[in-house]
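The chain contents come next:
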Amino acid sequence: MSDNSFVATNWKPLRKGALIGFVDVSMPSGIAFREVSILETNGRFWASPPSKPMLDRDGRAMTGDDGKRRYSPIVEFASKEIRSRWSDGVIAALRAAEPEALAAATAP
């Protein structure tokens, strides 16, 4: 996966903890990921594929011991290395499409 093989569109900034927004990402294979989470901590950016809230048997969102909602993955990667390469590609595509998106996230 080369960094320039992804196309990022539909950037939606939303700052909440480490989350800085969501972006749609298309790959040359024709696979498109919608609502990819973009996160930042201490100037380090990464992408997380879409997930869905975990629901209890009554259909209510489940929370962990910390009170935060729990999510289950929709997409999984064969290895941490593949996931990291995918994340790096998403971040590179976002930088190319919306250079101010990541700059604004680290601005004071």
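Because the structure is predicted, anything quoted here is derived from the model rather than measured.

Asker: Where do I start with the nonpolar core in this structure?
Answerer: Among soluble globular proteins, nonpolar side chains are generally buried collectively. Counting residues in hydrophobic clusters, the biggest one holds 19 residues, and the most contacted among them are Val23, Val36, Ile38, Trp86, Val90 and Leu94. Contributions of two or more residues to this core are made by β1 (7–16), β2 (19–26), β3 (32–41), β4 (44–48), α1 (80–97) and α2 (99–106). Element by element, the count of residues in this core is highest for α1, at five residues. In this structure, Val36 is in contact with Gly21, Phe22, Val23, Val25, Ala47, Ser48, Pro50, Trp86 and Val90, ignoring residues within four places of it in sequence.

Asker: Please clarify how α1 should be interpreted in this entry.
Answerer: Note that an α-helix has 3.6 residues per turn; residues three or four places apart therefore point the same way. Under the 1.5 Å per step criterion, the end-to-end length of α1 is 26 Å for 18 residues, consistent within 8% with the ideal 26 Å. Those residues of α1 that fall on the buried side of the exposure criterion are Trp86, Ser87, Gly89, Val90, Ile91, Ala93 and Leu94.

Asker: When you look at the layout of surface pockets in this model, what are you seeing that I'm missing?
Answerer: By volume, the largest pocket is sized at about 690 Å³. Around the largest pocket, the lining is made up of 23 residues, and of these Leu19, Ser37, Leu39, Ser51 and Tyr71 lie nearest the centre. Those elements that provide at least two residues to the lining of the largest pocket are β2, β3, β5 (51–53) and β6 (71–73). Of the residues assigned to the lining of the largest pocket, the class counts are eleven nonpolar, five polar and seven charged.

Asker: Looking at this structure, I do not really get the environment of Leu94. What am I missing?
Answerer: Looking at the element boundaries, Leu94 is found in helix α1. When the C-alpha atoms of Leu94 and Pro28 are compared, they prove to be 16 Å apart, with 66 residues separating the residues in sequence. In this structure, Leu94 is in contact with Ala8, Trp11, Val23, Ile38, Pro99, Ala101 and Leu102, ignoring residues within four places of it in sequence.

Here is what the cut-offs are and how they apply
- Within every chain, residues take consecutive numbers counted from 1 along the sequence as written.
- This being a predicted model, a pLDDT of at least 70 is required before a residue's local features are given, and a value of 80 or more before pairs of side-chain atoms are given or counted; all residues contribute to the totals for chains, interfaces and linings.
- Hydrogens and water are ignored here; the side-chain numbers use all heavy atoms of the structure.
- For our purposes a nonpolar core is just a set of buried Ala, Val, Leu, Ile, Met, Phe, Trp, Tyr and Cys residues, chained together by side-chain atoms within 4.5 Å.
- Note on classification: 1.4 Å probe, protein chains only; a residue is buried when its accessible area is under 20% of the maximum for its type, exposed when over 50%, partly exposed between these limits.
- Secondary structure is summarised from DSSP: a helix means a run of H or I of at least four residues, a strand means a run of E of at least two, and numbering begins at the N terminus for each.
- Contacts between residues were defined by any pair of non-hydrogen atoms, one from each residue, lying within 4.5 Å.
- Expected helix span is given by 1.5 Å per residue-to-residue step, counting one fewer step than there are residues.
- Think of a 1 Å grid over the protein atoms and nothing else: a 1.4 Å probe that fits but is trapped marks a cavity, an open set flanked by protein within 12 Å on at least five of seven lines marks a pocket, and residues with an atom within 4 Å of a point count as lining.
- Grid points are joined across faces, edges and corners, and a volume is the space filled by probe spheres set on the points.
- Under this grouping Gly is polar, as are all residues other than the nonpolar Ala, Val, Leu, Ile, Met, Phe, Trp, Tyr, Cys and Pro and the charged Asp, Glu, Lys and Arg.

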